Amino acid sequence: MKITDVEVLVTSPGRNFVTIRIRTDEGVYGLGDATLNGRELAVASYLRDHVAPCLIGRNPFQIEDIWQYLYRGAYWRRGPVTMTAIGAVDMALWDIKGKALNVPVYELLGGACRNGVMVYGHANGQSVGEAVEAVGRYIDMGYKAVRVQAGVPGLKATYGVGRGDLFYEPAGEGLPSEDVWSTEKYLATVPELFARVREEYGRDVHLLHDAHHRLTPIEAGRLGRELEPYSLFWLEDAVPAEQQEAFRIVRQHTTTPLAVGEIFNTIHDATVLLRENLIDYLRMTVVHGGGITHLRTAAAYAAVHQVRTGCHGATDLSPVTMAAALHFDLSIPNFGIQEYMRHTPETDEVFPHAYTFSDGYLHPGDAPGLGVDYRDDLAERYPYKRAYLPVSRLEDGTMFNW
Ligand code: GCO
Ligand code: MG
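Residues numbered from 1 in each chain as written. Chains lettered and ligands numbered in written order. Predicted model: local features only at pLDDT ≥ 70, side-chain atom pairs only at ≥ 80, totals over all residues. Heavy atoms only, no water.

### Topic: the overall build of the protein chain
Here comes step 1: Each helix and strand in the protein chain was counted, giving 13 helices and 18 strands.
Here comes step 2: Taken over C-alpha atoms, the radius of gyration comes to 20 Å for the protein chain, in line with the 21 Å a tight globule of 402 residues would show.
Here comes step 3: Taking the principal axes of its C-alpha atoms as reference, the protein chain extends roughly 60 × 45 × 45 Å.
Here comes step 4: Burial analysis of the protein chain (402 residues in total) assigns 59% to the buried set.
Here comes step 5: Charge-centre separation for the protein chain: the mean point of 37 positive side chains lies 3 Å from the mean point of 51 negative side chains. (Helix = DSSP H or I, 4+ residues; strand = E, 2+ residues; numbered from the N terminus. Rg over C-alpha atoms; globule rule 2.2 N^0.38 Å. Buried < 20%, exposed > 50% of the residue type's maximum accessible area, 1.4 Å probe, protein only. Lys, Arg positive; Asp, Glu negative; His and termini not counted. Charge placed at Lys NZ, Arg CZ, Asp CG, Glu CD.)

### With respect to the domain arrangement of the protein chain
Here comes step 1: Taken domain by domain, the protein chain holds domain 1 (3-104) and domain 2 (108-368).
Here comes step 2: Using C-alpha coordinates to define each centre, domain 1 is positioned 26 Å away from domain 2.
Here comes step 3: Surface buried jointly by domain 1 and domain 2 totals about 2700 Å² across both partners, of which 65% is contributed by carbon and sulfur atoms.
Here comes step 4: A per-residue breakdown of the area domain 1 buries against domain 2 is headed by M91, W94 and P104, which together make up 23% of the total. (Domains from an automatic or database assignment. Buried area = accessible area lost by both parts, 1.4 Å probe.)

### Description of the pattern of salt bridges
Here comes step 1: Under the defined criterion, the tally for this structure stands at 19 salt bridges.
Here comes step 2: Note that D269 is salt-bridged to R78, the shortest N-O span being 3.1 Å. In this pair, D269 sits in the loop between β10 (258-260) and α9 (271-275) while R78 sits in the loop between α2 (63-73) and α3 (80-101), placing the two residues 191 residues apart along the sequence.
Here comes step 3: You can call R78 partly exposed: its relative accessible area is 33%.
Here comes step 4: Close ionic contact of D210 with R147 constitutes a salt bridge, the shortest N to O distance being 3.1 Å. Placement of D210 in strand β8 (residues 206-210) and of R147 in strand β5 (residues 145-150) is noted, with a sequence separation of 63 residues between them.
Here comes step 5: Each of E7, R21, R23 and D376 takes part in salt bridges that share partners, so that together they form one network. (Salt bridge = Lys/Arg side-chain N within 4 Å of Asp/Glu carboxyl O.)

### Topic: the coordination of the magnesium ion (ligand 2)
Here comes step 1: The protein atoms that coordinate the magnesium ion (ligand 2) are D210 (OD), E236 (OE) and E262 (OE), at distances of 2.0 to 2.3 Å.
Here comes step 2: Coordination of the magnesium ion (ligand 2) draws on donor residues from a single chain, spaced D-x25-E-x25-E in sequence. Of the two residues, D210 sits in strand β8 while E262 sits in the loop between β10 and α9, which places them 52 residues apart along the sequence.
Here comes step 3: Residue D210 is classed as buried on the basis of its relative accessible area of 2%. (Donors = N, O, S within 2.8 Å, 3.2 Å for Na, K, Ca; no water.)

Structure below.
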């Protein structure tokens, strides 16, 4: 089998997505997600201009060799653009192999280790009261785990508080909007939020929270300690993710489990964290972490240190990534949880998929390959629209972390 064509497809059914479609001389094709929120066209160009020409004529079954060729062969290693591009190619190759051999990808990865993949949904509200009510709606839908975020009094917009119930989408059309942030105001709200949620729904449901890289190590340690009575499943991105050593301080001050890694691109971003047991969950994803091939390396390294996975699964990761993540999650021994932010109906129509949700669990389905398709006829109706994530400033105007 030989690769004959590599297409890079850009569509915006509710938000921008970049997809790679690799075709072969035997008619089988594979799909990969190449979406990097707010920097989509950089990855599209990397693939179209630099990667696609090198793939033509190669044997798509040589997944590992092609991964090494793209990673080592670029000389310029790592980084979100490069690793997203490699991740997209890798996903498409696993898809091709599964389809050609007529098996779902999880069978190629060693087979199912569990019946389904526990996911967490996103409950949020402008106020603590609204957020508490939203948690109830997720529990009613069958979710076993819920992330909870609430607006902060005195701040106009807060990370994690969305425009809709199921489709939280922070990116906005046009140039970046600017949010205002106050750590003091935020820290004053969060413990009350979780006290109220536990009071209302008891201790059966898993609760998660995302601090989105905004705290100093000592602030994070304090928040973690204040949240201990509410037994969180995890506190995510407590401090900026690139500061691996900062987690030593957080860890000294709290037993609240810690998760990080949605912005990591390779295992080299997490070696200190894993070696020193500074985290409990690694959130690297298939799309931004170099594909299924590299995520297997990362998960194996994590398993050695009793760290479990909790792959990123926001709406800016397309259904192709969601499917790839589910095949991966089903097959590894140290799976923890999978994030599941539902896509809009327009997105789901452009990417028909075999995965299904039932009683708090997702299953990738048994279609050959990844089990996702791409409807060109629908995708063409939604041209690319420039869109960015917001940026954040402190109340005095100082640039901060969004
Ligand atoms: C999460 C993430 C997202 C990111 C988004 C950026 O935990 O799901 O933090 O909300 O902000 O994916 O593109
Ligand atoms: Mg996050």
